[in-house]
Amino acid sequence: MKTLDWTTLFGERAGRIQASTIRELLKLTQRPGVLSFAGGLPAPELFPKEEAAQKAAEILREKGEVALQYGPTEGYLPLRAWVAEWLGVKVEEVLITTGSQQALDLLGKVFLDEGSPVLLEAPSYMGAIQAFRAYGPRFLTVPAGEEGPDLEVLEETLRRERPRFLYLIPSFQNPSGGLMPLAARKRLLEVVMAQGLVVVEDDAYRELYFGEARLPSLFELAREAGYPGVIYLSSFSKVLAPGLRVAFVAAHPEAILKLTQAKQGVDLHTPVLNQILVHELVKEGFAERLERIRATYKAKAMAMLEALAREMPEGVRYTRPKGGMFVWMELPNGLSAEALFQRAIAEEVAFVPGAPFFANGGGENTLRLSYATLDPGRIAEGMRRLGRALKGLLAPA
Ligand SMILES: Cc1ncc(COP(=O)(O)O)c(C=O)c1O
């Protein structure tokens, strides 16, 4: 049979789409017996399985001709209207997307040309870096920690550069778990507004706060100040079920229109059945569901923090999350997280090394632990194993 050299047949963009080495590492986390803190997977015990089964059957029986038909690109109107009311915006300011991941790709498509500067935090969400990278931008990065991006560096960067947008995850950042305080949000917006820049606010973890209340989003603060330049992304993945792939963008109608046109060429629309199902699931009892989810993640986070305090050797630094799904860790003395990963797998525990979360390199001594998926007992056992792996790495050979 004739063979083809596919790499010479693909376009230039294909060269920028690379399988990350991390994916290879992550395959190891699926070995039986491994306790994995690697994936950012929501807790499966929180999925509304029974309710979804019942409602899906009802939808197909009673609204089958809508649920199984093509739908509008902007989204199923009752769901768009529900989201609009929830966020306090107009229906034409909302676009339903197939996961927030799709919104990230659409933003890349709409805003980025080859070589366009785009500013993001270091570290930032790997899926966003991957989505934007395909469009060949020039990444500008700003260090980010427990209190979000370093505003001094950010302001200094914006004196030199004019990024097409700033991509930020102000609440319970993936991977760092950071939470930008209110004052920092306001200061950031002042700078952005003065320069007329676009901010893409990814608020995937908006409802997963452990404290009393949610901080106002950049989007909300900007609207109060009459500034239309914040594009807001969030998703039903962390509060219902990621497999449904239903998420949303809220933004100025002109931005929504362009994103909608870009979406038409990708998938015409997000599956209608899934959108109706999401609408049915959030219409009633959503507030109670959110309370339950918050309580579950808070308990898991506390279990991880208690176990870390017991098991981690001196010199290891880690964040104390105020919400979200992650603990972010820095290893001492420039120890490599990839080296630790190999030892951890031998101990049957896994995490994600931090380096791929840095768009411009660095972070070799960092790693991310997700407490979302396992129960507190297994979290404690996992941290015991991680402690053993780390002590093995620290011990002189
Ligand atoms: C910050 C952030 N943005 C977007 C996504 C993708 O979410 P979705 O499931 O809605 O595509 C994730 C998923 O982990 C995330 O952490």
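Residues numbered from 1 in each chain as written. Predicted model: local features only at pLDDT ≥ 70, side-chain atom pairs only at ≥ 80, totals over all residues. Heavy atoms only, no water.

On to the domain arrangement of the protein chain, then. As assigned here, the protein chain comprises domain 1 (6-48 + 287-394) and domain 2 (69-282). Counting from both sides, the interface comprises 36 residues of domain 1 and, opposite them, 36 residues of domain 2. Both faces considered, domain 1 and domain 2 share a buried interface measuring about 3,100 Å² in area, 63% of it formed by carbon and sulfur atoms. Among the residues of domain 1 in contact with domain 2, Arg 16, Arg 294 and Phe 357 are the three that bury the most area, contributing 21% of the side total. (Domains from an automatic or database assignment. Contact = heavy atoms within 4.5 Å. Buried area = accessible area lost by both parts, 1.4 Å probe.)

This part takes up the site of the ligand. Among the 13 residues in the neighbourhood of the ligand, the closest are listed as Asp 202, Tyr 205, Ser 235, Ser 237 and Arg 245. Calculation on the ligand without its partners gives an accessible area of 390 Å², and the protein chains cover 92% of this total. Its atoms largely coinciding with the cavity grid, the ligand occupies the largest pocket. Looking at the shell around the ligand residue by residue, the classes come out as four nonpolar, six polar and three charged. (Near = heavy atom within 4 Å. Areas by Shrake-Rupley, 256 points an atom, 1.4 Å probe, with all protein chains shown as cover. 1 Å grid on protein atoms, 1.4 Å probe; cavity = no way out; pocket = protein on both sides within 12 Å on 5 of 7 lines; lining within 4 Å. Sits in = over half its atoms within 2 Å of the grid points. Nonpolar A, V, L, I, M, F, W, Y, C, P; charged D, E, K, R; others polar.)

Taking every second residue as pointing to the same face, both faces of strand E9 (residues 247-250) are buried, with Ala 247 and Val 249 on one and Phe 248 and Ala 250 on the other. Relative to E9, strand E2 (residues 94-97) runs antiparallel, the two being bridged by four bridges. Considered in E9, the bridge of Leu 95 is made with Val 249. Where strand E8 (residues 230-235) meets E9, four bridges bridge the pair, whose relative direction is antiparallel. Following the sheet pairing, Leu 233 is matched in E9 by Val 249. (Buried < 20%, exposed > 50% of the residue type's maximum accessible area, 1.4 Å probe, protein only. Helix = DSSP H or I, 4+ residues; strand = E, 2+ residues; numbered from the N terminus. Pairing = 2+ DSSP bridges.)

What the rule picks out here adds up to 15 aromatic pairs. When the ring of Tyr 205 is compared with that of Phe 326, the centres are 5.8 Å apart and the planes differ by 75°; the resulting orientation is edge-to-face. Of this pair, Tyr 205 sits in the loop between strand E7 (199-202) and helix H10 (218-224) while Phe 326 is found in strand E11 (residues 326-330), placing the two residues 121 residues apart along the sequence. Pairwise contacts between aromatic rings join Trp 82, Trp 86, Phe 236, Phe 248 and Phe 286 into one cluster. Sitting over the face of the ring of Trp 86, Arg 206 holds its NZ or CZ atom 4.4 Å from the ring centroid. (Phe/Tyr/Trp six-rings, centres within 6.5 Å; stacked < 30°, edge-to-face > 60°. Lys NZ or Arg CZ within 6 Å of the ring centre and 35° of its normal.)

Let's shift gears to the layout of surface pockets. In this structure, the largest pocket encloses a volume near 950 Å³. If you go around the largest pocket, you meet 41 residues; those closest to its centre are Gly 39, Gly 40, Leu 41, Tyr 125 and Arg 368. Broken down by secondary-structure element, the contributors of at least two residues to the lining of the largest pocket are helix H3 (21-28), strand E1 (35-36), helix H6 (99-111), helix H7 (126-133) and strand E14 (366-370). Looking at the lining of the largest pocket element by element, the count peaks at four residues for H6. Partitioned by chemical class, the residues of the lining of the largest pocket number 19 nonpolar, 16 polar and six charged. When residues of the lining of the largest pocket are assigned to domains, at least three map to each of domain 1 (6-48 + 287-394) and domain 2 (69-282). (Points joined across faces, edges and corners; volume = space filled by probe spheres on them.)

This brings us to the packing of H6 against H7. For the pair H6 and H7, interaxial distance at closest approach is 8 Å and the crossing angle is 35°. Crossing hand, H6 versus H7: right-handed. Touching Gln 101, Leu 104, Asp 105 and Gly 108 of H6 are Gly 127, Ala 128, Ala 131 and Phe 132, all from H7. When the residues that make up the contact of H6 with H7 are grouped by side-chain class, the tally is four nonpolar, three polar and one charged. (Axes fitted to C-alpha atoms, helices over the stretch in contact; angles between N-to-C directions. Left-handed = near helix turned anticlockwise from the far one by under 90°.)

Counting 111 residues, the largest nonpolar core has Phe 236, Leu 308 and Leu 369 as the members making the most contacts within it. Sort the elements by how many residues they give to this core and helix H13 (residues 286-311) lands first, with ten residues. Both domains that meet at this core, namely domain 1 (6-48 + 287-394) and domain 2 (69-282), each give it at least three residues. Grouped together as the second largest cluster of nonpolar side chains are 30 residues, Ala 103, Ala 128, Ala 134 and Phe 165 included. (Core = buried A, V, L, I, M, F, W, Y, C linked by side-chain atoms within 4.5 Å.)

A few words now on the environment of Leu 104. Looking at the element boundaries, Leu 104 is found in helix H6. Distance in space between the C-alpha atoms of Leu 104 and Leu 369 is 23 Å, their sequence separation being 265 residues.

Glancing now at helix H12 (residues 272-283). Over its twelve residues, H12 runs 16 Å from end to end, which matches the ideal 16 Å to within 8%, given 1.5 Å per residue. Val 272, Asn 274, Gln 275, Ile 276, Leu 277, Val 278, His 279, Glu 280, Leu 281 and Val 282 are the residues of H12 that are buried. Among the residues trailing H12, Gly 285 stands out with phi positive, at a value near 70°. (Expected span 1.5 Å × (residues − 1).)

To continue, consider the sheet that holds strand E13 (residues 352-353). The strand order across the open sheet formed by four strands is E10-E11-E14-E13, and the pairing between neighbours is antiparallel. If you trace the sheet from one side to the other, it starts and ends with strand E10 (317-318) and E13, each paired once. Relative to E14, E11 runs antiparallel, the two being bridged by five bridges. When the sheet's bridge partners are listed, Met 329 is paired in E14 with Leu 367.

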